[in-house]
Amino acid sequence: MSDRKPEALPITLRNITKTYGEIHALDDVSLDVRSGEFLTLLGPSGSGKTTLLMVLAGFTRPDRGSLKFGEHEVIRKPPHLRDVGMTFQNYALFPHMNVAGNVGYPLKLRGVSRAERAERVERALETVQLAGFGARGVDQLSGGQKQRVALARSIVFEPRILLMDEPLSALDKKLRDRMQIELRHLHEQLGMTTVYVTHDQREALTMSDRIAVVNNGRIMQLATPQELYEQPANKFVADFIGDSTFLPVSRAGDRLVAGGVTLKTTRPAPQSARLTLMLRPERIRLMEGETGDANVFHATVSELVYQGESFLLYARLADGSELVVRGAIRDETFRSLPAPGATVTLGITPADTVVIADEDR
Ligand SMILES: Nc1ncnc2c1ncn2[C@@H]1O[C@H](COP(=O)(O)OP(=O)(O)O)[C@@H](O)[C@H]1O
Ligand SMILES: [Mg+2]
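Thresholds applied
- Residues numbered from 1 in each chain as written.
- Chains lettered and ligands numbered in written order.
- Predicted model: local features only at pLDDT ≥ 70, side-chain atom pairs only at ≥ 80, totals over all residues.
- Heavy atoms only, no water.
- Salt bridge = Lys/Arg side-chain N within 4 Å of Asp/Glu carboxyl O.
- Helix = DSSP H or I, 4+ residues; strand = E, 2+ residues; numbered from the N terminus.
- Buried < 20%, exposed > 50% of the residue type's maximum accessible area, 1.4 Å probe, protein only.
- Pairing = 2+ DSSP bridges.
- Axes fitted to C-alpha atoms, helices over the stretch in contact; angles between N-to-C directions.
- Contact = heavy atoms within 4.5 Å.

Visitor: Would you explain the pattern of salt bridges in this entry?
Guide: Pairing between side chains becomes possible if they bear opposite charge and their charged atoms approach one another. As enumerated under the stated definition, the model contains 19 salt bridges in all. Residue lysine 235 pairs with aspartate 358 through a salt bridge whose shortest N-O separation is 3.6 Å. Taken as a pair, lysine 235 in helix α8 (residues 235-240) and aspartate 358 in the segment after β20 (354-357) lie far apart in primary sequence, 123 residues in all. Here arginine 316 ties to glutamate 322 by a salt bridge, and the two come within 3.3 Å at their closest N and O atoms. Judged by its relative accessible area of 39%, arginine 316 is partly exposed. Salt bridges sharing partners connect three or more residues here, namely Glu230, Asp243, Glu282, Arg283, Arg326 and Asp352.

Visitor: Would you mind showing me how to read the sheet that holds strand β3 (residues 38-42) here?
Guide: Think of a sheet as strands paired side by side through backbone hydrogen bonds, with each pair either parallel or antiparallel. Read across the sheet, 6 strands follow the order β6-β7-β8-β3-β9-β10 without closing on themselves; strand pairing throughout is mixed. In this open sheet, the two edge strands, each paired with only one partner strand, are β6 (84-87) and β10 (218-223). When strand polarity is set aside, the average angle formed by the axes of neighbouring strands in this sheet is 15 degrees. Examined bridge by bridge, β3 and strand β8 (residues 193-198) share 5 bridges and lie parallel to one another. Following the sheet pairing, phenylalanine 38 is matched in β8 by threonine 194. Packed on one face of the sheet, helix α1 (residues 49-57) meets β3, β6, β7 (161-165) and β8 and runs near 150 degrees to β7.

Following this line, the structure appears as structure tokens:
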């Protein structure tokens, strides 16, 4: 693209609400997207991600709330005056135009001359590694190439904000993995404020500076990938991101008790009335002898599953609750793994003993 990078813009959303009859597609959403950041909206199908992106793009007018790009209120601005590029899940390419026609379309809309258009289209195609594809028909392209064309079209006019709605969901896994890295590099190269939508937690963890977890039209938590994984705000987030098992936690005076064990933790428990202990399977250790300052649970192995690179061990506590342990398989560890029926000692460090609110919002 041009040498001069347009300055990125922060986005400020305040109290955005959008209802469709009884459905609260967006329920009082406030969100700050930092200038130049790659922020992902992550949530299950129907949680309101697309609606939020459409509000940002200007295709959907919310019932209430305000939206600023930089200092400017844009809620009343139509999409083409918003300085926003957008790619959609289904590419939305024009089938009757060739690649150059598709990519150049936003420039044509903006009255850019034919000569300058040709030059900028070629540059955008280079950026997405499709140099020389201008004359191709859209129906002559693979899925991955169509997605690149859609991407070129969304960046050709050098918008300061880029919105992407599940852009990789139609691609097979290998291509998707590669495109995730490419999109990340493209973002580093262009530097525009980017809001990305996916329902795939691994994709979100791979690509994002920060992730907003969305459920029922609300933002459950906004944090870095690592914070979300290590310190989820509630059970919904913990369940949605990564694998975990949960044990109910009771209070006994100052103490927190789960599975009959008084917990040692490194962070205070939330104020919530109901608490749960979140345990990530890969953070639980099979212990022998010295247990140090770990929280120790004694359990009986109920199932051992071989998964190639790792094993899963299901173990039952005396009170009947079940924990899942995942470990890497190296020859020596697998040979010495306990069989079903064996008694095991499971250790979890205080830092990995995470007590969270047992609620969905
Ligand atoms: N145009 C519409 N008319 C009626 N209901 C809609 C419309 N758009 C979205 N919804 C509803 O709003 C909720 C959020 O939808 P959406 O934003 O598309 O979710 P997501 O992109 O997270 O899957 C869903 O319950 C959906 O059915
Ligand atoms: Mg959607």
